[in-house]
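Single-letter residue listing:
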Amino acid sequence: YRTAAASASLPTFLLVGPSGSGKTAFATLTERTSIAQTHTSTQPLTIEALLPSPHVPASSHYRSPGDPAYERSRRFLLLDTPGHGKLRHYATASLSDPKSIRGIIFVVDAAALAEEPGLNEAASYLHDVLLSLQKRYTSATSSKGPTGIPVLVAANKMDLFTALPANLVKHQLEKAITEVRTSRAKALRDAGAALSGGEDEVDEEREWLGEGGEGHFEFSQMQEIGTSVSVVGANVLGGKETGSVDGWWEWIGENL
Ligand code: GTP
Ligand code: MG
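About the criteria used
The written sequence of each chain sets the order in which its residues are numbered from 1. Chains and ligands are labelled sequentially in the order written, the chains with letters from A and the ligands with numbers from 1. Only residues with pLDDT of at least 70 are given local features in this predicted model, and only at 80 or more are side-chain atom pairs given and counted; all residues enter the totals for whole chains, interfaces and linings. Neither water nor hydrogens contribute to the side-chain values; these are computed over all heavy atoms in the structure. Helical segments are the DSSP runs of H or I of at least four residues, strand segments are the runs of E of at least two, and each set is numbered from the N terminus. Only protein chains enter the accessibility calculation, which uses a 1.4 Å probe. A residue is then buried if its area is under 20% of the maximum for its type, exposed if over 50%, and partly exposed in between. Only the protein chains shown count as cover for residues, and all accessible areas are computed by the Shrake-Rupley method using a 1.4 Å probe. Note: metal donors comprise N, O and S atoms at 2.8 Å or less from the metal (3.2 Å for Na, K and Ca); water molecules are not included, so apparent gaps in a site are possible. The contact definition used throughout considers only heavy atoms, calling two residues in contact when any of these lie within 4.5 Å. Throughout, the term near means that a residue has one or more heavy atoms lying within 4 Å of the molecule or strand in question. Polar contacts, as used here, are pairs of N or O atoms within 3.5 Å; protein pairs need one atom able to donate a hydrogen and one able to accept it. Residues neighboring in sequence count only if both atoms are side-chain atoms. Residue polarity follows a fixed list, in which Ala, Val, Leu, Ile, Met, Phe, Trp, Tyr, Cys and Pro are nonpolar, Asp, Glu, Lys and Arg are charged, and the others, Gly among them, are polar. DSSP-based pairing: two strands are paired if at least 2 bridges between them are found. Note on geometry: axes are C-alpha line fits, over the in-contact stretch for helices, and angles between N-to-C directions span 0 to 180 degrees. Note on ring pairs: Phe, Tyr and Trp rings are taken, using the six-membered ring of Trp, and paired if centres are within 6.5 Å. Classes follow the plane angle, with under 30 degrees stacked, over 60 edge-to-face and the rest tilted. In this description, a nonpolar core means a group of buried Ala, Val, Leu, Ile, Met, Phe, Trp, Tyr and Cys residues linked to one another through side-chain atoms lying within 4.5 Å.

*Asks:* Give me the lowdown on the overall build of the protein, citing residues and values where you can.
*Replies:* The helix and strand tally for the protein stands at 8 helices and 6 strands. The helix and strand sequence of the protein, counted from the amino end, reads α-β-α-β-α-β-α-β-α-β-α-α-β-α. Buried positions account for 44% of the 256 residues belonging to the protein. About 13,300 Å² of surface is accessible on the protein, with carbon and sulfur atoms providing 52% of the total.

Spelled out as structure tokens, the structure:
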């Protein structure tokens, strides 16, 4: 049997992203064989999962199946958080203490990104997640800096014909995050000017996502804070013909 303590020490992947993107559908997929009806989450949910074969945890590449250490290494936790704007404090709380977090899975509805407000909603949430990782990195006291936390942008619902393909999901999000970044910087400057009655007093470095320069935001800029961002398309529901979540398992395996 397993003790609560043993399961508490398992590597954790945090599931975040806008409401309705499929986080709970993915989390419960790992537990059930039949499709569970999901509805808007109001509470976080922790699910103990097992990396399905043939995917291999990166930490176990040299172990053989059947080895108890190998079997142990396939276990991890998925922490599913509510995506509704008023319930994001659950995700924010986990992000502000990311010691136990091995990776962040940001689930988006790839069809919702094709239009507004879906695109802006996803982009501003993702902007905030990345900014909190950056703050964690830049405020670290150790000279080595904290280990970077990788981010998977899980582009879900590829079974829908209106879904953007993964390369467009990446492009659209980078473009929309560029806009979020610009408008946040302007809001900060305005607030700073209003407070001091003068020019900007706000420490922009800390609030500006990515490289200090102007111009386009790209996920690759997150390499500077040790965070790799991958965009992988899949569909949790809708059948194997249009794809599966294999790409997501593979990413989890690479980080497990
Ligand atoms: P919150 O809990 O509100 O943050 O949402 P969530 O991200 O947990 O979304 P949830 O898993 O509840 O899924 C929302 C809806 O999308 C449900 O009706 C799912 O059945 C549906 N859904 C999830 N994955 C897919 C998919 O791959 N394709 C399609 N077509 N629908 C999906
Ligand atoms: Mg949910």
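*Asks:* Help me get a handle on the coordination of the magnesium ion (ligand 2), residues and values and all.
*Replies:* Of the protein atoms, only Thr 24 (OG1) and Ser 41 (OG) coordinate the magnesium ion (ligand 2), at distances of 2.0 to 2.1 Å. With Thr 24 in helix H2 (residues 23–29) and Ser 41 in the loop between H2 and strand E2 (45–50), the pair connects residues that are 17 residues apart, well separated along the chain. A residue is classified by how much of its surface remains accessible, and Thr 24, at 15% relative accessible area, is buried. According to the relative accessible area criterion, Ser 41 is buried, its value standing at 16%.

*Asks:* How would you sum up helix H8 (residues 246–254)? Please name residues and give values.
*Replies:* Turning to H8, its buried residues are Trp 248, Trp 249, Trp 251, Ile 252 and Gly 253. Tucked into the core, H8 has its buried residues touching strand E1 (12–16), H2, strand E3 (75–80), strand E4 (101–109), strand E5 (151–156) and strand E6 (229–233).

*Asks:* Outline the site of ligand 1, supporting the account with residue identities and numerical values.
*Replies:* Not every one of the 21 residues close to ligand 1 is listed here, only the nearest: Ser 19, Lys 23, Ala 25, Thr 38 and Gly 83. Asn 156 is positioned with one of its side-chain polar atoms (N or O) 3.1 Å from a nitrogen atom of ligand 1. Ranked by the residues each element gives to the shell around ligand 1, the list is headed by H2, at 3 residues. Its residues assigned to classes, the shell around ligand 1 shows 6 nonpolar, 12 polar and 3 charged.

*Asks:* Which residues make up the sheet that holds E4, and what are the values?
*Replies:* Strand order in the open sheet formed by 6 strands is E2-E3-E1-E4-E5-E6, and the pairing between neighbours is mixed. A strand with exactly one partner marks an edge of an open sheet, and here the two such strands are E2 and E6. Between one strand and the next, the sheet's axes are offset by a mean angle of 25°, whatever the strand orientation. When E4 meets E5, the two strands line up parallel, connected through 6 bridges. Among the inter-strand pairings, Val 108 is bridged to a residue of E5, identified as Ala 155. Along the sheet, helix H4 (residues 89–96) makes contact with E1, E3 and E4, crossing E1 at roughly 145°. The strands touched by H8 within the sheet are E1, E3, E4, E5 and E6, with E5 carrying the most contacts at an inclination of about 170°.

*Asks:* Break down the environment of Phe 217 for me, with residues and values.
*Replies:* You can see Phe 217 is positioned in the loop between helix H7 (204–207) and E6. In the structure, Phe 217 is positioned 35 residues away from Thr 182 in sequence and 9.9 Å away in space, judged by C-alpha atoms. Beyond its immediate stretch of four places on either side in the chain, Phe 217 contacts Leu 130, Glu 174, Ile 177, Thr 178, Arg 181, Leu 209 and Met 222.

*Asks:* Describe the packing of aromatic side chains, and please don't skip the residues or the numbers.
*Replies:* Scanning the model with the defined rule gives 6 aromatic pairs in all. Aromatic side chains Phe 26 and Trp 248 sit 5.1 Å apart centroid to centroid with 85° between the ring planes, which places their arrangement in the edge-to-face category. With a gap of 222 residues between them, Phe 26 in helix H2 and Trp 248 in helix H8 connect regions that are remote in the sequence. Trp 248 sits in the buried class, given a relative accessible area of 0%.

*Asks:* Outline the nonpolar core, listing residues and values.
*Replies:* In this structure, Ile 104, Leu 130, Val 169, Leu 173 and Phe 219 are the most contacted members of the largest nonpolar core, which totals 39 residues. When residues of this core are traced back to their parent elements, those giving at least two are E1, H4, E4, helix H5 (118–138), E5, helix H6 (166–196) and E6. With 9 residues, the top contributor of residues to this core is H5. With near-sequence residues (within four places) excluded, Phe 219 lies in contact with Leu 126, Leu 130, Lys 170, Leu 173, Glu 174, Ile 177, Val 229 and Val 231.

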